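Each chain, written out:
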Amino acid sequence: TSNEMKALMTRLRQAETSAFVDSVADLCRSHEMLVDTSVRTIRGERLARTNGEDLGDIDVLAVDLTASTIYALECKDLEVARTPAELDNELRSTFRSGGAKRSAAEKHVERIAWIAARVSAILAHFDIEMESTGWVVEGAIVTDVNVMSPHVAACPLPVYASHELKAMFERS
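What this report covers is the structure whose coordinates are included nearby. (Residues numbered from 1 in each chain as written. Predicted model: local features only at pLDDT ≥ 70, side-chain atom pairs only at ≥ 80, totals over all residues. Heavy atoms only, no water.)

**Overview of helix α3 (residues 104-116)**
Inference 1: With 13 residues, α3 extends 18 Å from end C-alpha to end C-alpha; this agrees with the ideal 18 Å at 1.5 Å per step.
Inference 2: What α3 keeps buried is the set A104, A105, E106, H108, R111, I112, W114 and I115. (Helix = DSSP H or I, 4+ residues; strand = E, 2+ residues; numbered from the N terminus. Expected span 1.5 Å × (residues − 1). Buried < 20%, exposed > 50% of the residue type's maximum accessible area, 1.4 Å probe, protein only.)

**Some thoughts on the sheet that holds strand β5 (residues 69-76)**
Inference 1: Strand order in the open sheet formed by five strands is β1-β4-β5-β6-β7, and the pairing between neighbours is mixed. A strand with exactly one partner marks an edge of an open sheet, and here the two such strands are β1 (34-39) and β7 (159-161). Direction aside, the axes of adjacent strands within the sheet are offset by 30 degrees on average.
Inference 2: Judged from the five bridges that link them, strand β4 (residues 58-64) and β5 form a sheet pairing that is antiparallel. (Pairing = 2+ DSSP bridges. Axes fitted to C-alpha atoms, helices over the stretch in contact; angles between N-to-C directions.)

**Quick word on the pattern of salt bridges**
Inference 1: Scanning the model with the defined rule gives nine salt bridges in all.
Inference 2: E110 is the salt-bridge partner of R49, the closest N and O atoms lying 2.8 Å from each other. Of the two residues, R49 sits in the loop between β3 (45-46) and β4 while E110 sits in helix α3, which places them 61 residues apart along the sequence.
Inference 3: Classification of R49 by relative accessible area gives partly exposed; the value is 22%.
Inference 4: When its relative accessible area of 21% is taken as the criterion, E110 is described as partly exposed.
Inference 5: With a shortest N-O distance of 3.2 Å, R111 and E74 are connected by a salt bridge. Here R111 is found in helix α3, whereas its partner E74 is found in strand β5, with 37 residues between them in sequence.
Inference 6: Look at R111 and you get buried, because its relative accessible area is 6%.
Inference 7: If you follow the salt bridges from partner to partner, you end up with R49, E53, R102 and E110 in one network. (Salt bridge = Lys/Arg side-chain N within 4 Å of Asp/Glu carboxyl O.)

Scope: geometric values only; no functional claims are made or implied.
The structure is reproduced here in structure tokens:
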């Protein structure tokens, strides 16, 4: 039946997305970073707005000890938009700011601010005993392929294809 097919497609897509998150986490680990995935709480505190609304999870939270940098990465396993309608949907749901429904980028900006306000707790989450001053929190969206959408509409975050993120880590 079509419902069984939809369920199968959903399971396959979730497995593909999970594998992409794992690949980004492995990329961070290969650059000597401490990594956690699908982070919903830090030291018992749930990622939430001040009014209690859930902020969702951080796909990849990575700590670079040598650069004193915390990376909050939103991983998007996107299919390349081929038609104008697909491009519009990709723009609205992932990158665009100010739409009727909050985009993935807008939600992630809130998560980054939440992390930045809790650097000491983030370090403790990773069992790092260091002073929290001087740390930088960087957020980005990481995609599986190059997408032109970020170049078409202003996105509030940097967007890197996974190979671009790898090159950036290798330069630093």
